Amino acid sequence: MINIDAHNHVKGKSIYLDDIQELKGTLYALPFDATVAHAKIVSINLESAMKAHGIETILTAKDIPGENQIGGIIPDEPLFADGEVHFRGQVIALIIGKSEHHCRQAAKLIKVVYEELPIITDAREAQAQNKLIMPPRSFTLGNTSEVWSTCDYVFEGKTEVNGQEHLYIETQGAYARPKEDGSIIISSSTQGPTAVQRMVARVLGIPMHKIEIDTVRLGGGFGGKEDQATPWAVMVALASQLLHKPVKMAMHRMDDMRMTGKRHPYSADFKIGLTKDLKIIAYEVTHYQNAGAAADLSPAVMERTLFHSTNAYYIPNVLAKAYSCKTNLPPNTAFRGFGGPQGKFVIEAAIVKAAESIGISPAVIQKANLVVDGNELSYGQILQQTEAHHTWDECMNSFQYNIQKERVETFNATNSRFKKGLAVQPICFGISFTNTMMNHARALVHIYHDGSVVVSTGAVEMGQGVNTKLLQIATETFGIKPSSVRIESTNTLRVANTSPTAASAGADLNGKALQMACNALLDRLKAVANQDFENATIAINDEVIYANDEKTEVTWHQLITKAFTQRVALSENSHYATPTIHYDKTKEKGHPFAYHVYGTAIIEVTLDCLKGVYNFDSVNIVHDFGKSMNATIDNGQIEGGLVQGIGWMTLEEIIYNNQGRLVSNALSTYKVPDIYSVQRK
């Protein structure tokens, strides 16, 4: 089945936030943000702006009826700056007007006097000054201090890895409309509808049941809308609640880039020890995470960095430590991989340094240390069903690595200006939210008495094809046509208390809940069918009932009608919670992941040593899929992840100056891969 949204995407008929038909009287919101990175607000003069043509009102912290707080993990992030600003782009006020143009004109009239304070933009500097989001955390296995003397090789080094702009096609935004009895409905471009609902309730000072969050789809997320979609939805909700009018915000690209957090930059120190047979027996790493000015999701991102500090390798003695450092930059946030890639980058850099110092290929060390069943990781989980060696061998054989290696070596021996590089990259990634309580989902399924079906889950469609997979589950379980099933928007009044669609778990969690709901309904329908077929084995295929594998004259629609007339429940709400997972943060030990996925890639590049330009000649990948729900969609996700990774490691460069101003603040100064960067030659 192809992506069910594909046709409407191509035709331009898919509904995104800015496509929602606006109600008469809709007002528009524009955030007014700080132009300095760290300062006390001495005064703010809104008088002229309030009198500007087309302006309804301007809201600040004093207008908040509830709490001026949107911090999720740690309550350290005000919705509106109150007395002090901590990063350029922090929102001080919200301008509400009859058009965005009116708001922008009024913004020019707002006068703020600042008393500037010292600015920190570097994570190591923040750590040296004890500017931390939270206390540091450490994972240990074995005892590194006791084995350094037994190592034949010991190498130390330092790495730096930069951030990355999410650059989702659809910018941040939300549209709030008042309902009766003080209730409110908000359309939000968010990966976490319940998080938005919770924060709106906190800021407005009303219970969650009065707040309805509805999300049809996102124009991309990549983690950037897991937590950071929240403030914009809260702002329009606040304005709508106070003014009793619909209020909308769809951010300008440069505003979005300036005011939102990125993938976390990391600095790290490492020490690695190997034996003569190239077994890594000791590894120490200290990560310095640049969290920005508030926690956002940084504590959870840092945790996953620690979980993935040894990537796909078994190392018996590990000490991994991490600091979440508070700087005067926008709070950094979730991004595809959620801290895992940053942790893996360091161990790979350590292996490369060791290999180059010894005079061998890094692939030799990598292969010698791949995990196997029964290995214990630094956080206590014992690995099962490992596929690290399988994917490695499959990749080497399928893509003829030895032949490729010889060809590269021959090319380099006969060329001086152009040189080829060849690298192998294994991965191991844990699947589950690292916060155990978030690993649950619900599905609500209605079968109407004409046989049509509506499915609601907590999954948010953002281009990754989760709606298509949910449709497959419903149609395959019921044995009915795709045209008989509708996948509804994600709505907090239909499916409550949802986890964000993130952590590579959206289809796992919500799909399993949906399967449970469908099976419960199917059992009831089979019981109805058995009334006519004397306890035969009932199956449904292509909307026809089969009894003991024999096709009958009874159709799906007839079965539903009969069940309805007998008052059989044709609605089901099922709950799924991932089994076996647990984690004790007091001991930093447990079993946090339901399973791990594995993969191996071979990358070949050609470098022009004179000009410094390069080409990716090929990237060949073998992934551990298990049983793919939709190979077309899953392959598309692999390709998209690859291109995003190429961009992060080569083209894309987030630059802040020492005053905390984003220099790479537009597509003219921030380069991302285009189709020509990755097309097949």
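Residues numbered from 1 in each chain as written. Predicted model: local features only at pLDDT ≥ 70, side-chain atom pairs only at ≥ 80, totals over all residues. Heavy atoms only, no water.

Colleague: Any chance you could explain helix 13 (residues 401-414) here in plain terms?
Modeller: An α-helical turn contains 3.6 residues, so any two residues separated by three or four positions project in the same direction. Given a rise of 1.5 Å per residue, 14 residues ought to cover 20 Å, and the 20 Å separating the end C-alpha atoms of helix 13 matches this to within 8%. Listing the buried residues of helix 13 in full gives Tyr-401, Gln-404 and Val-408. One side of helix 13 carries all its buried residues, which in axial view fall inside an arc of 60°. Turned more than 90 degrees away from the buried face of helix 13, the exposed residues are Asn-402, Ile-403, Glu-406, Ala-413 and Thr-414. Residues of helix 13 that are buried sit in contact with helix 11 (362-368), helix 12 (388-398), strand 16 (418-431), strand 27 (595-608) and strand 28 (614-623). (Helix = DSSP H or I, 4+ residues; strand = E, 2+ residues; numbered from the N terminus. Expected span 1.5 Å × (residues − 1). Buried < 20%, exposed > 50% of the residue type's maximum accessible area, 1.4 Å probe, protein only. Arc of directions from axis to C-beta. Contact = heavy atoms within 4.5 Å.)

Colleague: Would you mind showing me how to read the layout of surface pockets here?
Modeller: In this approach a probe as big as a water molecule rolls over the atoms, and the regions it shows empty are the leftover space. Considering only enclosed or pocket space, the second largest pocket measures out at about 750 Å³ in volume. In this structure, the second largest pocket is lined by 30 residues; those nearest its centre are Ile-73, Leu-297, Asn-435, Met-437 and Met-438. Listed by contribution, the elements that provide at least two residues to the lining of the second largest pocket are helix 6 (193-204) and helix 9 (298-307). Across the lining of the second largest pocket, the residue classes tally to 14 nonpolar, 8 polar and 8 charged. (1 Å grid on protein atoms, 1.4 Å probe; cavity = no way out; pocket = protein on both sides within 12 Å on 5 of 7 lines; lining within 4 Å. Points joined across faces, edges and corners; volume = space filled by probe spheres on them. Nonpolar A, V, L, I, M, F, W, Y, C, P; charged D, E, K, R; others polar.)

Colleague: Help me understand the pattern of salt bridges, please; the structure alone is not making it clear to me.
Modeller: Charged atoms that come close allow side chains of opposite charge to pair. All told, the structure shown has 30 salt bridges when counted by the stated rule. In this structure, Asp-18 and Lys-248 form a salt bridge, with 2.5 Å as the shortest nitrogen-oxygen distance. In this pair, Asp-18 sits in the loop between helix 1 (6-11) and strand 1 (27-33) while Lys-248 sits in strand 12 (residues 247-250), placing the two residues 230 residues apart along the sequence. Across the salt bridge formed by Asp-617 and Lys-420, the nearest N and O atoms sit 2.9 Å from each other. Note that Asp-617 is positioned in strand 28 and Lys-420 in strand 16, a separation of 197 residues in sequence. According to the relative accessible area criterion, Asp-617 is partly exposed, its value standing at 35%. Lys-420 sits in the buried class, given a relative accessible area of 17%. (Salt bridge = Lys/Arg side-chain N within 4 Å of Asp/Glu carboxyl O.)

Colleague: Where do I start with the sheet that holds strand 17 (residues 440-447) in this structure?
Modeller: Across a sheet, strands are paired by hydrogen bonds formed along the backbone, either parallel or antiparallel in direction. Strand order in the open sheet made by the 4 strands is 19-18-17-24, with mixed pairing throughout. At either margin of the open sheet sits one strand with a lone partner, and together these are strand 19 (485-487) and strand 24 (571-577). The sheet shows a mean angle of 20° between the axes of neighbouring strands, taken without regard to direction. Taken together, the 3 bridges between strand 18 (residues 453-457) and strand 19 define a ladder with parallel strand orientation. Bridge assignment links Val-455 to a residue of strand 19, and that residue is Ile-487. Where helix 15 (residues 506-533) meets the sheet, its contacts fall on strand 17, strand 18 and strand 24, and the angle it forms with strand 17 comes to roughly 40°. (Pairing = 2+ DSSP bridges. Axes fitted to C-alpha atoms, helices over the stretch in contact; angles between N-to-C directions.)

Colleague: Mind showing me how you'd approach empty space enclosed by the protein here?
Modeller: One pass over the full model with this rule turns up 5 cavities of 30 Å³ or more. Taken as a whole, the largest cavity encloses approximately 250 Å³ of empty space. Among the elements that take part in the lining of the largest cavity, helix 7 (residues 230-243) stands out by supplying 4 residues, more than any other. Partitioning the lining of the largest cavity into residue classes produces 12 nonpolar, 7 polar and 4 charged.

Colleague: Which parts of the structure should I look at to understand the packing of aromatic side chains?
Modeller: Aromatic ring pairs are described here by two measures, namely the spacing of the ring centres and the angle between the planes. The final tally for this structure, using the stated rule, is 11 aromatic pairs. With a centroid separation of 6.3 Å and an interplanar angle of 50°, the aromatic rings of Phe-139 and Tyr-583 are classed as tilted. Residue Phe-139 is located in strand 7 (residues 137-141), and its partner Tyr-583 is located in strand 25 (residues 582-584); the two are separated by 444 residues in the primary sequence. Classification of Phe-139 by relative accessible area gives buried; the value is 0%. Consider the rings of Phe-307 and Tyr-583, whose centres lie 5.2 Å apart with planes at 80°: the pair is edge-to-face. Taken together, the residues span a long stretch of sequence, with Phe-307 in helix 9 and Tyr-583 in strand 25 at a distance of 276 residues. A relative accessible area of 14% means that Tyr-583 is categorised as buried. Members of the aromatic cluster, joined through ring pairs, are Phe-139, Phe-307, Tyr-379, Tyr-583 and Phe-593. Sitting above the plane of the Trp-148 ring, Lys-271 keeps its charged end 4.3 Å from the centroid. The ring of Phe-411 carries Lys-420 above its face, with NZ or CZ at 4.9 Å from the centroid. (Phe/Tyr/Trp six-rings, centres within 6.5 Å; stacked < 30°, edge-to-face > 60°. Lys NZ or Arg CZ within 6 Å of the ring centre and 35° of its normal.)

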